[in-house]
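These are the residues of each chain, in order.
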Amino acid sequence: MDGVLHRRGRTRVGPFAFVVVLLALLGCARGPCVSIVAPDGKPRATVAVEVANTEPQREFGLMYRKHLDDNAGMIFVFPDAARRNFWMHNTPISLDMIFADAAGRIVGIVANAEPYSDKILGVDGNSEYVLEVNAGFCAKNGIKPGDRLDFSGFSTHTSQ
């Protein structure tokens with residue numbers, strides 16, 4: 001009889017444990033993130049982001065980072081839409097840079113930016129947001145101009 005009760009107890013605990021683990025994982029996903037969506041509404045990718053929304057944060061960016069997790073990145077939030085230029089000075093990892101206008105529409109991509117380069121990088125058009133991710137991310141996920149960035153878990157406005 002004890003064996004039967006023990007098995008039933010396991011069965012009841014199994015789904016409960018699954019729910020607890022699932023809720024914990026969802027809690028981790030509640031941090032700042034950016035979803036990239038195709039014009040037809042189909043999701044392409046979601047990136048957990050660090051937010052750079054002050055001048056010092058934007059100036060420092062991902063410099064000196066030796067590693068960036070898959071599906072992770074940094075979103076640069078600017079106070080207005082303007083022509084934006086970046087460089088890779090003191091940045092040891094290759095990046096894709098995704099430039100988006102005030103509405104979050106991707107206006108251009110700089111793919112596979114060369115580490116440590118002082119070459120000025122940008123795209124045609126004004127950007128209010130720039131998302132930096134690991135090099136190759138855009139090609140792997142089919143991300144292209146015309147797609148849209150959807151923001152979650154952080155303010156998309158800054159006064160700095």
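Residues numbered from 1 in each chain as written. Predicted model: local features only at pLDDT ≥ 70, side-chain atom pairs only at ≥ 80, totals over all residues. Heavy atoms only, no water.

Asks: Explain the overall build of the chain to me, please; I cannot follow it from the model alone.
Replies: Helix and strand content of the chain: three helices and nine strands. Of the regular secondary structure in the chain, the N- to C-terminal order runs α-β-β-α-β-β-β-β-β-β-α-β. Counting every position in the chain, which comprises 160 residues, the buried fraction comes to 38%. Restricting the contact set of the chain to residue pairs at least 6 apart, pairs at least 24 apart contribute 71%. (Helix = DSSP H or I, 4+ residues; strand = E, 2+ residues; numbered from the N terminus. Buried < 20%, exposed > 50% of the residue type's maximum accessible area, 1.4 Å probe, protein only. Contact = heavy atoms within 4.5 Å.)

Asks: What is the right way to look at the pairing of strand E8 (residues 127–134) in this model?
Replies: For a regular strand, side chains alternate in direction, first toward one face of the sheet and then toward the other. Counting buried positions along E8 gives eight out of eight residues, so the element sits mostly inside the fold. Pairing of strand E3 (residues 72–82) with E8 involves six bridges; the strand directions are antiparallel. Across the sheet, Phe76 pairs through a bridge with Val130, a residue of E8. Both strand E5 (residues 95–100) and E8 contribute to a ladder of six bridges, which runs antiparallel. Paired with Ile98 across the bridge in E8 is Leu131. (Pairing = 2+ DSSP bridges.)

Asks: Would you mind going over the nonpolar core with me for this structure?
Replies: Soluble globular proteins tend to bury their nonpolar side chains together. Counting 19 residues, the largest nonpolar core has Phe76, Phe86, Met97, Phe99, Val110 and Val130 as the members making the most contacts within it. Counting 18 residues, the second largest nonpolar core, distinct from the first, contains Val47, Tyr129, Leu131 and Leu149. (Core = buried A, V, L, I, M, F, W, Y, C linked by side-chain atoms within 4.5 Å.)

Asks: Help me understand the sheet that holds E5, please; the structure alone is not making it clear to me.
Replies: The pairing of strands in a sheet happens through backbone hydrogen bonds and is either parallel or antiparallel. Strand order in this open sheet of seven strands is E6-E5-E8-E3-E2-E1-E9, and the pairing throughout is mixed. Of all strands in the sheet, those with a lone pairing partner are strand E6 (106–113) and strand E9 (148–152), marking the two edges. Taken pair by pair, the neighbouring strands of this sheet meet at an average axis angle of 30°, ignoring direction. Pairing of strand E1 (residues 33–37) with strand E2 (residues 43–52), which is carried by five bridges, proceeds in the antiparallel orientation. The residue bridging Ser35 from the neighbouring strand is Thr46, located in E2. (Axes fitted to C-alpha atoms, helices over the stretch in contact; angles between N-to-C directions.)

Asks: For this particular structure, what's the right way to read the pairing of E5?
Replies: Of all the six residues making up E5, six are buried; the element is thus mostly covered by neighbouring parts of the structure. Side chains Leu95, Met97 and Phe99 project from E5 onto one buried face, and the interleaved Asp96, Ile98 and Ala100 project onto a second face that is buried too. Relative to E6, E5 runs antiparallel, the two being bridged by five bridges. Paired with Leu95 across the bridge in E6 is Ala113. Counting the residues in the hairpin turn of E5 and E6 gives five residues, including Gly104, whose phi is positive at 85°.

Asks: When you look at the packing of aromatic side chains in this model, what are you seeing that I'm missing?
Replies: Ring pairs (aromatic) are described by centroid distance and by the angle formed between their planes. Overall, the coordinates contain six aromatic pairs when judged by the stated rule. Through successive ring pairs, a cluster of aromatic residues spans Phe76, Phe78, Phe86 and Phe99. (Phe/Tyr/Trp six-rings, centres within 6.5 Å; stacked < 30°, edge-to-face > 60°.)

Asks: Where do I start with the pattern of salt bridges in this structure?
Replies: A complete count under the given rule lists seven salt bridges for this structure. With a closest N to O distance of 2.6 Å, Asp147 and Arg44 form a salt bridge. Taken as a pair, Asp147 in the loop between helix H3 (137–141) and E9 and Arg44 in strand E2 lie far apart in primary sequence, 103 residues in all. Classification of Asp147 by relative accessible area gives buried; the value is 1%. A salt bridge links Glu50 to Arg65, with the nearest nitrogen and oxygen atoms 2.7 Å apart. With a gap of 15 residues between them, Glu50 in strand E2 and Arg65 in the loop between helix H2 (55–60) and E3 connect regions that are remote in the sequence. With a relative accessible area of 34%, Glu50 lands in the partly exposed category. (Salt bridge = Lys/Arg side-chain N within 4 Å of Asp/Glu carboxyl O.)

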